[in-house]
Amino acid sequence: MAVERTLCIVKPDAVEKHKAGAILARIEESGFRVCALRMTHLSRGVAEGFYEIHRQRPFFGELVQFMTRSPVVVAVLEKEGAVGAWRDLMGATDPAKAAPDTIRKLFGSNVGENATHGSDSLDNARREIGYFFPGAEVSSL
Ligand code: CMP
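Residues numbered from 1 in each chain as written. Predicted model: local features only at pLDDT ≥ 70, side-chain atom pairs only at ≥ 80, totals over all residues. Heavy atoms only, no water.

**Observations regarding the packing of aromatic side chains**
(1) Moving on: One pass over the full model with this rule turns up five aromatic pairs.
(2) Moving on: Each ring, one from Phe50 and one from Tyr51, has its centre 4.9 Å from the other, and the planes form 80°; the classification is edge-to-face. Note on accessibility: Phe50 and Tyr51 belong to one class, buried.
(3) Moving on: Centroid distance Tyr131 to Phe132: 5.3 Å. Interplanar angle 85°. Geometry classified as edge-to-face.
(4) Moving on: A connected cluster of aromatic rings, assembled from ring pairs, spans Phe50, Tyr51, Tyr131 and Phe132.
(5) Moving on: When the ring centre of Phe133 is taken as reference, the NZ or CZ atom of Arg38 above it lies at 5.0 Å. (Phe/Tyr/Trp six-rings, centres within 6.5 Å; stacked < 30°, edge-to-face > 60°. Buried < 20%, exposed > 50% of the residue type's maximum accessible area, 1.4 Å probe, protein only. Lys NZ or Arg CZ within 6 Å of the ring centre and 35° of its normal.)

Below is the structure:
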């Protein structure tokens, strides 16, 4: 399987609960290399741009309000098959439906406040990584 990169966001609910470190530890223990990392407080414009594909969804306003509530941690993760592997480690979007020991089961509260985001395809991973990190900020070591 090819080495891939994917985008991780530790969302405001998890950062507020001081779980960013625990989540990053799980990520590293699971064999991902963290090749870019930043804490940032998303503006409304940045959050709307990131979630543009969901603009027509009924929960879009709620999603943007939540994602701009307090800081997030954005990271680029690298591993063989990283896109699928990070989604597996996160678990289902709804923490109530997530498998035991997944990040969303352990740290998420509900379908909106679900602790983490992960890219859902390699194409979206490339777009999402570029949205937050200029190429020079992503380590290639
Ligand atoms: P994420 O992976 O960040 O991508 C889109 C997000 O929309 C998703 O995680 C959920 O947190 C959020 N979402 C999906 N469905 C709902 C919903 N019914 N209400 C609020 N937020 C939702």
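Here the narrative resumes.
**Topic: the site of the ligand**
(1) Moving on: Around the ligand sit Lys11, Tyr51, His54, Phe59, Glu62, Leu63, Thr93, Arg104, Val111, Gly112, Asn114 and His117, and those are all the residues in its vicinity.
(2) Moving on: At a separation of 3.4 Å, an oxygen atom of the ligand approaches a polar backbone atom of Gly112.
(3) Moving on: Take Asn114: an N or O atom from its side chain is 3.2 Å from an oxygen atom of the ligand.
(4) Moving on: When grouped by side-chain class, the residues that make up the shell around the ligand number four nonpolar, five polar and three charged. (Near = heavy atom within 4 Å. Polar contact = N/O pair within 3.5 Å; in protein donor to acceptor, adjacent residues only side chain to side chain. Nonpolar A, V, L, I, M, F, W, Y, C, P; charged D, E, K, R; others polar.)

**What about the environment of Pro95?**
(1) Moving on: Relative to the helices and strands, Pro95 is located in the loop between α5 (82-90) and α6 (103-107).
(2) Moving on: Taking relative accessible area as the criterion, Pro95 reaches 5% and is therefore assigned buried.
(3) Moving on: Separated by 20 residues in sequence, Pro95 and Ala115 place their C-alpha atoms 9.0 Å apart.
(4) Moving on: Aside from chain neighbours lying at most four places away, what touches Pro95 is Arg104, Lys105, Gly108, Ser109, Asn110, Val111 and Asn114. (Helix = DSSP H or I, 4+ residues; strand = E, 2+ residues; numbered from the N terminus. Contact = heavy atoms within 4.5 Å.)

**Examining the pairing of strand β3 (residues 72-80)**
(1) Moving on: Burial of β3 is extensive: seven of the nine residues sit out of reach of the surface.
(2) Moving on: Bridge analysis of strand β1 (residues 3-10) against β3 gives eight bridges, and the strand direction is antiparallel. Bridging from a neighbouring strand, Val3 pairs with Glu80 of β3. (Pairing = 2+ DSSP bridges.)

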